[in-house]
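# Commentary on secondary and tertiary structure
Spelled out from the first residue to the last, the chains are:
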Amino acid sequence: EGVALLSQPSSSLSPLHPLVAPRFHGLPALLLGAALFLCSPLPAASAGAELPLVSSAQTVLHEPAHEVEAFDEDLAILARRMLDTMYAEGGIGLAAPQIGIDQRIFVYNIFGQPLRLAATEHVLVNPRVLRLSEWSWTSPEGCLSLPDARGLVTRPIR
């Protein structure tokens, strides 16, 4: 089982002290600044749970995705199915729009396969870039929604 790191929209947070260790939908949580992070085991992988990828022509890939508002069991199940899909397709990351879901969810595992190591599977919900490193690196990348396209991509180190 992997560990999910989920970020709650800041508009729905209550003012809690960071040392209080709140609970959200019965899951352990930690409040840091304007985001609530949930740390919870994801449901176990199940055969046949993969979701179909959408093609690059689909509108959902060209529009900004909507924020996730419901942090519940359905979100955890969707995250698991996204990871299962990513593994089945041979990827290391997958965004919800790539499976036709118009929500800001991204899953990744830099190893590209489920491992029994702690914290190899990651789920980002409503992520935001707060700052970028001045340093960058360039590496070859591909995209599961564009299976024949590969190229060099330059990204900030942090």
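One can find the structure itself at the top, above this paragraph.
In what follows, the accompanying structure is described. What you see is a predicted model, and the numbers here were worked out from it, not measured in a lab. (Residues numbered from 1 in each chain as written. Predicted model: local features only at pLDDT ≥ 70, side-chain atom pairs only at ≥ 80, totals over all residues. Heavy atoms only, no water.)

## Some thoughts on the pairing of strand β9 (residues 146-156)
Regular strands show a simple pattern: their side chains alternate between the two faces of the sheet. Short version of the rule: Two strands are said to pair when DSSP picks up at least two bridges between them. Helix and strand labels come from DSSP, where a helix needs a run of H or I of at least four residues and a strand needs a run of E of at least two; each type is numbered from the N terminus.
When strand β8 (residues 136-143) meets β9, the two strands line up antiparallel, connected through eight bridges. By the bridge assignment for β9, Ser136 is matched with Pro156. Between β8 and β9, which pair antiparallel in sequence order, lie two residues.

## Overview of helix α1 (residues 73-89)
Quick note on the threshold: A helix is expected to reach a length of 1.5 Å times the quantity of its residues less one. Each residue gets one of three labels from its accessible area relative to the maximum for its type: buried under 20%, exposed over 50%, partly exposed in between, using a 1.4 Å probe on protein chains only. Contacts described as polar in this section are N or O atom pairs within 3.5 Å, which, within protein, must combine one atom able to donate a hydrogen with one able to accept it, while residues neighboring in sequence count only if both atoms come from side chains.
The end-to-end C-alpha distance of α1, which contains 17 residues, comes to 24 Å, matching closely the 24 Å that a straight helix rising 1.5 Å per residue would cover. Within α1 the residues assigned to the buried category are Leu75, Ala76, Leu78, Ala79, Arg80, Met82, Leu83, Asp84, Thr85, Met86 and Tyr87. Taking the backbone nitrogen of Asp74 as reference, a side-chain oxygen 3.2 Å away marks Asp72 as the first, capping residue of α1. Immediately downstream of α1, the backbone of Gly90 shows phi near 80°, a positive value.

## Re the sheet that holds strand β6 (residues 105-108)
What counts is decided by this rule: Axes here refer to lines fitted to C-alpha atoms; in helices the fit is confined to the stretch in contact. Angles between the N-to-C directions go from 0 to 180 degrees. In this analysis, two residues are considered to be in contact whenever any of their non-hydrogen atoms come within 4.5 Å of each other.
Strand order in this open sheet of three strands is β5-β6-β7, and the pairing throughout is antiparallel. Looking at which strands have only one partner, the edges of the open sheet turn out to be β5 (93-95) and β7 (122-125). On average, adjacent strands in this sheet sit at an angle of 15° to one another, irrespective of strand direction. Taken together, the four bridges between β6 and β7 define a ladder with antiparallel strand orientation. Among the inter-strand pairings, Ile105 is bridged to a residue of β7, identified as Val125. In this fold α1 packs onto β5, β6 and β7, with an angle of close to 50° to the strand it touches most, β6.

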